Amino acid sequence: MINFLLKGIMDINEKIRNAILFNLLSYMQHRMLTVGRTYGMVDELHAFLSYMTAIMYLRAMVKQNRKKDSGLLLATQNVEDMMLPGVKEYTKPLLSIPTHQFLFYPGIVSADDFIDTLQLDPAEYQLISRPSRSHCLYRCGNERYLLKVIAPEYKSTLFGKGGGR
């Protein structure tokens, strides 16, 4: 499992940051496509949008990773950044190819843009169109599930009930 977090990397010089991203993505792609049985995770996907080489690497990995029993987990809370003109045509495949998706309340994003980019049915969008801390739409292939996430009691004892606040 390769988990790549951006903490600290976004504050450095752009050329150095892009070199680091290039090397890390090259390593991830090599592991996923030659070694196999490797899972990579990229959090805060919206932060990669200014570096087109990174987007192209991620697109290639999303399309090819299943050949070697590998997987790529992409996460972003800023879907609206993925829909910007000049970026959407590159990121739309990243958002529509995955076999597993957990979709939460889209926030201020236009319903039509959200539905188009994620290739949702309007009824699916209606399930997540209102804010809810405990519900999400899980899509797996042709299956759809509305999930209610409930934390076990021991977690509320450890972390409280503030919901991330």
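Residue indices follow the written sequence of each chain, beginning from 1 at its first position. In keeping with the model being predicted, local features are shown solely for residues with a pLDDT of at least 70 and side-chain atom pairs are shown and tallied solely at 80 or more, while totals for entire chains, interfaces and linings include all residues. The basis for every side-chain value is the complete set of non-hydrogen atoms in the structure, without hydrogens or water.

**Student:** Looking at this structure, I do not really get the confidence of the model for the chain. What am I missing?
**Tutor:** Reading fine detail from the predicted coordinates is not recommended where pLDDT is low. Values of pLDDT, which run from 0 to 100, indicate the predictor's confidence residue by residue. Here the chain shows a mean pLDDT of 84. Residues at 70 or above account for 94%. Under the DSSP-based scheme used, a helix requires at least four consecutive residues in state H or I and a strand at least two consecutive residues in state E, with every element numbered from the N terminus. Helix H6 (residues 122–128) holds the highest mean pLDDT among the elements of the chain, 95, whereas strand E1 (residues 2–4) holds the lowest, 66.

**Student:** How should the packing of helix H4 (residues 88–96) against helix H5 (residues 111–118) be read in this particular structure?
**Tutor:** How two helices sit against one another is set out by the angle between their axes and by the gap between those axes. Lines are fitted to the C-alpha atoms to define the axes, a helix being fitted only along its stretch in contact, and any angle between axes, read from their N-to-C directions, falls within 0 to 180 degrees. At a closest axis distance of 8 Å, the pairing of H4 and H5 adopts a crossing angle of 65°. Judged on the interaxial angle alone, H5 and H4 are roughly perpendicular. Where H4 abuts H5, its residues Lys 88, Lys 92, Leu 95 and Ser 96 lie against Asp 113, Asp 116, Thr 117 and Leu 118. Here the nonpolar group is Ala, Val, Leu, Ile, Met, Phe, Trp, Tyr, Cys and Pro; Asp, Glu, Lys and Arg are the charged ones; every other residue, Gly included, is treated as polar. The residue makeup of the contact of H4 with H5, split by class, is 2 nonpolar, 2 polar and 4 charged. The scheme is simple: roughly parallel for angles under 35 degrees, roughly antiparallel for over 145, roughly perpendicular for 65 to 115, oblique for anything else. Contacts between residues were defined by any pair of non-hydrogen atoms, one from each residue, lying within 4.5 Å.

**Student:** Which parts of the structure should I look at to understand the nonpolar core?
**Tutor:** Nonpolar side chains in soluble globular proteins tend to be buried together. Buried Ala, Val, Leu, Ile, Met, Phe, Trp, Tyr and Cys residues form a nonpolar core when they are joined through side-chain atoms within 4.5 Å. Three labels apply to residues, based on accessible area from a 1.4 Å probe with only protein chains included: buried if under 20% of the type maximum, exposed if over 50%, partly exposed otherwise in between. One finds Leu 25, Phe 48, Leu 58, Met 61, Leu 72, Phe 114 and Leu 120 to be the most contacted residues of the largest nonpolar core, which totals 32 residues. Elements that contribute at least two residues to this core include exactly helix H1 (14–35), helix H2 (52–64), helix H3 (79–82), H4, H5 and H6. When residues in this core are grouped by element, the largest group, 6 residues, is from H2.

**Student:** What am I meant to see in the pattern of salt bridges here?
**Tutor:** Side chains bearing opposite charge may pair, as long as their charged atoms lie close to each other. Counted as salt bridges are all cases of a side-chain nitrogen of Lys or Arg within 4 Å of a carboxyl oxygen of Asp or Glu. Applying the stated criterion to the full structure yields 5 salt bridges. A salt bridge links Arg 37 to Asp 69, with the nearest nitrogen and oxygen atoms 3.4 Å apart. With Arg 37 in the loop between H1 and strand E2 (39–42) and Asp 69 in the loop between H2 and strand E3 (71–74), this pair connects stretches of sequence that are 32 residues apart. Residue Arg 37 is classed as exposed on the basis of its relative accessible area of 68%.

**Student:** How should I be thinking about the pairing of strand E6 (residues 143–148) in this particular structure?
**Tutor:** In summary, the side chains of a regular strand alternate between the two faces of the sheet. Note on pairing: two strands pair once DSSP finds at least 2 bridges between them. Here strand E5 (residues 135–140) pairs with E6 via 6 bridges, running antiparallel. Its bridge partner lying in E6, Tyr 138 is registered against Tyr 145. Here E5 folds back onto E6 in antiparallel fashion, the turn holding 2 residues, of which Gly 141 has a positive phi close to 60°.

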